[in-house]
Amino acid sequence: MSGALSAPAEPAGEAPPAEPAPKLPAQRGPRALLGLSWVRIDVLGYRLDLGWQIPWIQHTALRASLSALYSYDSVSLPNMPGLGGLAPSGDLEIHELALLATAEIDVALLSTEQGRLAAGGGLGIGPSFAWVKMPDMPFQPGEWTHASAAIGRLSGYLEYRFASGWLLRGQPFGLLFSGQDNADTVYEMAAMGGYQW
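So, a few notes on the structure that sits alongside this text. Small disclaimer: the values here were computed from a predicted structure and weren't measured. In every chain, residue numbers begin from 1 and rise along the written sequence. Residues qualify for local features only when their pLDDT is at least 70, as the model is predicted, and side-chain atom pairs are given and counted only at 80 or more; totals for whole chains, interfaces and linings, by contrast, use all residues. Computation of side-chain values: all heavy atoms of the structure, hydrogens and water removed.

### Re the overall build of the chain
Thought 1: On a plain count of helices and strands, the chain comes out with one helix and eight strands.
Thought 2: Helix and strand definitions follow DSSP, with helices as H or I runs of at least four residues and strands as E runs of at least two, each counted in order from the N terminus. Helices and strands appear in the chain in the N-to-C order α-β-β-β-β-β-β-β-β.
Thought 3: Exposed residues in this analysis have more than 50% of their type's maximum accessible area, buried residues have under 20%, and partly exposed residues fall in between, with area computed by a 1.4 Å probe over protein chains only. Taking all 197 residues of the chain together, 30% fall into the buried category.
Thought 4: Taking the contacts inside the chain whose residues are at least 6 apart along the sequence as the reference set, 60% of them involve residues at least 24 apart.
Thought 5: In these tables, accessible area is a Shrake-Rupley quantity obtained with a 1.4 Å probe, and a residue counts as shielded only by the protein chains included in the view. Of the roughly 12,300 Å² of accessible surface on the chain, 67% is carried by carbon and sulfur atoms. Between two residues, a contact is recorded if the distance between any of their heavy atoms is within 4.5 Å.

As structure tokens, then:
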């Protein structure tokens, strides 16, 4: 009599369906970031970072990347009437490409199933190539010249990585520097987006 009122037993061998494990932000893997870079605040550049991330210790990640930065600037040269029109006048065009091997480290400020917010810094070094077109002179068209130098970048950033793999990065602090004499240290900011596989 009591057996008739008891709940039916579950068939043997069948377990309740398990909930899928939450997808967490990737701890390692290749990544790519593309975005805009402001050099000296007034010069807009384009930046591409390709790299690989590995976990180090809890909540800390190391990454190595190759960072390519292209920028274009135009500088107007003043007219110098005292030289009888023999001085160049017009715009000086400057195209610059830097390729920096970069090492970064960041620490998670917040890590959940939805994403990971981290603060980090990086140091890069590599060659920079500049192509400069002088303005036209009387009876002589402007010519291209080029130069190269070794430069470095010291930067600090905030980055949010979604569980899906998408990345958002803001770099409010960056310094581009060179060991050459009379070389200026240049401020750089960047805003980038990308993906980590």
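Still to come is the rest of the account.
### Observations regarding the pairing of strand β4 (residues 90-111)
Thought 1: Two strands form a pair only when DSSP identifies at least two bridges running between them. As paired elements, β4 and strand β5 (residues 115-133) share 16 bridges and run antiparallel to each other. Each residue of the ladder has a partner; that of S111, found in β5, is R116.
Thought 2: In sequence, β4 turns back onto β5 through a hairpin of three residues.

### Thoughts on the pattern of salt bridges
Thought 1: We define a salt bridge as a contact between a side-chain nitrogen of Lys or Arg and a carboxyl oxygen of Asp or Glu at a distance within 4 Å. If you walk through the whole model with that rule in mind, you get eleven salt bridges.
Thought 2: Between E188 and R47 there is a salt bridge; the shortest N-O distance is 3.5 Å. You can see E188 sitting in strand β8 (residues 186-196) and its partner R47 sitting in strand β2 (residues 43-55), a full 141 residues away along the chain.
Thought 3: Exposure remark for E188: the relative accessible area of 0% places this residue in the buried category.
Thought 4: Put simply, E104 and R63 hold a salt bridge, and the shortest N to O gap is 3.1 Å. Pair noted here: E104 is in strand β4 and R63 is in strand β3 (residues 60-77), with a separation of 41 residues, a long-range link.

### Some thoughts on a nonpolar patch on the surface
Thought 1: Taken together, the side chains of L36, L44, Y46, Y70 and Y72 define a hydrophobic patch exposed on the protein surface, amounting to about 440 Å² of accessible area.
Thought 2: Counting residues per element, the ones that place at least two in the nonpolar patch are β2 and β3.
Thought 3: Along the polypeptide, L44 turns up in strand β2.
Thought 4: Note on L44: relative accessible area 37%, which makes it partly exposed. Excluding any residue in a salt bridge, patches collect residues exceeding 30% relative accessible area, merging like charges within 9 Å and nonpolar Val, Leu, Ile, Met, Phe, Trp and Tyr side chains within 5 Å.

### Quick word on the nonpolar core
One recurring pattern in soluble globular proteins is that nonpolar side chains are buried together.
Thought 1: Among the nonpolar cores identified, the biggest contains eight residues, and these are V39, V43, L69, A98, L100, I151, L176 and V186.
Thought 2: Not counting residues up to four positions away in its chain, the partners in contact with A98 are S67, A68, L69, P127, S128 and I151. Within this scheme, the nonpolar core is defined by two criteria: the residues are buried Ala, Val, Leu, Ile, Met, Phe, Trp, Tyr or Cys, and they are joined through side-chain atoms within 4.5 Å.

### Thoughts on the packing of aromatic side chains
Thought 1: Note on aromatic pairs: the rings of Phe, Tyr and Trp (six-membered ring only in Trp) are paired at centre separations within 6.5 Å, and the planes decide the class, stacked below 30 degrees, edge-to-face beyond 60, tilted for the rest. Tallying each qualifying case throughout the model produces four aromatic pairs.
Thought 2: The interplanar angle of 35° and the centroid separation of 6.4 Å between the aromatic rings of F129 and W131 together place this pair among those described as tilted.
Thought 3: Look at Y195 and W197: their rings are 5.1 Å apart centre to centre, the planes differ by 70°, and that puts the pair in the edge-to-face class.
Thought 4: Among the aromatic residues, ring-to-ring pairing joins W166, Y195 and W197 into one connected group.
Thought 5: Whether a charge sits over a ring depends on NZ of Lys or CZ of Arg being within 6 Å of the ring centre and within 35 degrees of the ring normal. One residue, R169, lies across the ring of Y157, its end atom 3.8 Å from the ring centre.

### Section: the side chain of E188
Thought 1: Whenever two N or O atoms come within 3.5 Å, that pair is a polar contact, provided that in protein one can donate a hydrogen and the other can accept it, and provided that, for residues adjacent in sequence, both atoms are side-chain atoms. A distance of 2.6 Å separates the side chain of E188 from the side chain of S37, its partner in a polar contact.
Thought 2: For E188, the side chain forms a polar contact with the side chain of R47, separated by 3.5 Å.

### Focus: the environment of A26
Thought 1: Its location among the elements puts A26 in the loop between α1 (2-5) and β1 (29-39).
Thought 2: Exposure remark for A26: the relative accessible area of 25% places this residue in the partly exposed category.
Thought 3: When the C-alpha atoms of A26 and I54 are compared, they prove to be 9.6 Å apart, with 28 residues separating the residues in sequence.
Thought 4: With sequence-adjacent residues up to four places away left out, A26 is seen in contact with Q53, R161, Q196 and W197.

Function-wise, these values are silent; they only describe arrangement.
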